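The lines below spell out each chain.
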Amino acid sequence: IADNYLAVFNVNQLGETAALANSLIESRLNGVKKDLLDMGLKADDIYMDMISFVPEYEYEVQKKLFSKSFNEIPKGFRLQKNIHIKYRKSKLLDQLIATCAKYEIYDLVKVEYYSENSKDYYDSLRIAAKKVLKEKMKDYKETWDYQEIIFQRLVDKKKMSIATGQGNDEPGKGTLIFVEHPHVY
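The shown structure was predicted, so the numbers you read here are calculated from the model rather than taken from an experiment. (Residues numbered from 1 in each chain as written. Predicted model: local features only at pLDDT ≥ 70, side-chain atom pairs only at ≥ 80, totals over all residues. Heavy atoms only, no water.)

Caption draft 1: Spatial organisation of the environment of Asp49. Here Asp49 lies in strand E2 (residues 46–63). Residues Asp49 and Lys81 lie 32 residues apart in sequence; the distance between their C-alpha atoms is 5.6 Å. At 3.3 Å, the side chain of Asp49 and the side chain of His84 are in polar contact. (Helix = DSSP H or I, 4+ residues; strand = E, 2+ residues; numbered from the N terminus. Polar contact = N/O pair within 3.5 Å; in protein donor to acceptor, adjacent residues only side chain to side chain.)

Caption draft 2: Structural view of the pattern of salt bridges. In this structure the tally under the stated criterion is eight salt bridges. Note that Lys119 and Asp123 form a salt bridge whose closest N and O atoms lie 3.0 Å from each other. Taken together, the residues Lys119 and Asp123, both in helix H3 (residues 118–164) and four residues apart, mark about one turn of the helix. For Lys119, a relative accessible area of 57% gives the class exposed. The structure contains a network of salt bridges with shared partners spanning Lys119, Asp123 and Arg126. (Salt bridge = Lys/Arg side-chain N within 4 Å of Asp/Glu carboxyl O. Buried < 20%, exposed > 50% of the residue type's maximum accessible area, 1.4 Å probe, protein only.)

Caption draft 3: Spotlight on the nonpolar core. The biggest cluster of nonpolar side chains holds 21 residues, and the ones touching the most others in it are Phe9, Leu36, Ile83, Ile85, Tyr87 and Leu96. Looking at this core, the elements with two or more residues in it are strand E1 (4–15), helix H1 (18–38), strand E3 (68–87) and helix H2 (92–102). If one sorts the elements of this core by residue count, H1 sits on top with five residues. Apart from the residues within four sequence positions on either side, Phe9 is in contact with Lys81, Asn82, Ile83, Ile85, Leu96, Ile97, Cys100, Ile105, Asp107, Leu108 and Val109. (Core = buried A, V, L, I, M, F, W, Y, C linked by side-chain atoms within 4.5 Å. Contact = heavy atoms within 4.5 Å.)

Caption draft 4: Seen up close, the packing of aromatic side chains. Evaluation of the coordinates by the stated rule reveals three aromatic pairs. Their ring planes at 20° and their centres at 5.3 Å tell us that Tyr5 and Tyr87 sit as a pair that is stacked. With Tyr5 in strand E1 and Tyr87 in strand E3, this pair connects stretches of sequence that are 82 residues apart. Judged by centre distance (5.7 Å) and plane angle (15°), the ring pair of Phe53 and Phe77 falls under stacked. Of the two residues, Phe53 is situated in strand E2 and Phe77 in strand E3; the sequence distance between them amounts to 24 residues. What makes Phe53 partly exposed here is its relative accessible area of 38%. The class of Phe77 is partly exposed, set by a relative accessible area of 27%. (Phe/Tyr/Trp six-rings, centres within 6.5 Å; stacked < 30°, edge-to-face > 60°.)

Caption draft 5: Here's a closer look at unusual backbone geometry. Backbone geometry at Glu104 places phi at a positive 60°, although glycine is not the residue there. One can find Glu104 in the loop between H2 and strand E4 (107–114).

Below, the structure written as structure tokens:
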């Protein structure tokens, strides 16, 4: 069971200039951050990072007598950032989504789950795995023992047949052949 969560939201912003795009995205992110702090999250639980900052182009069609050419014309800039929000209560995710949506942030990239006492969980998994392994070994032992009983009966039957002379003398009949091979699991 997880006791820590990390939600990552992606934010895109277009602007005619780099300064405008940055100003608009910072306005949105600061609004989200303020609302998250008002919800009781700590400033250390909120982290923002840059993903990309690229120019945007539109195309102008230039028609000539026998051809067309497309020219790129700068139309602005696209700024993309992620906002990482760490929280402890799983039910808080709905509030985080609503808060981000208030600032037109709709892209929930992922939610990661963490556990502070993972050693305890690994220990319980290890114990459960050992129990399963013991059961399988018990089943394997029972199967192996039963196979040995059947094999011993066959050997005894062949010995009796040879001792009483009631075995077939034809090649391959009444003969027991041993073949060693690796175990197949």
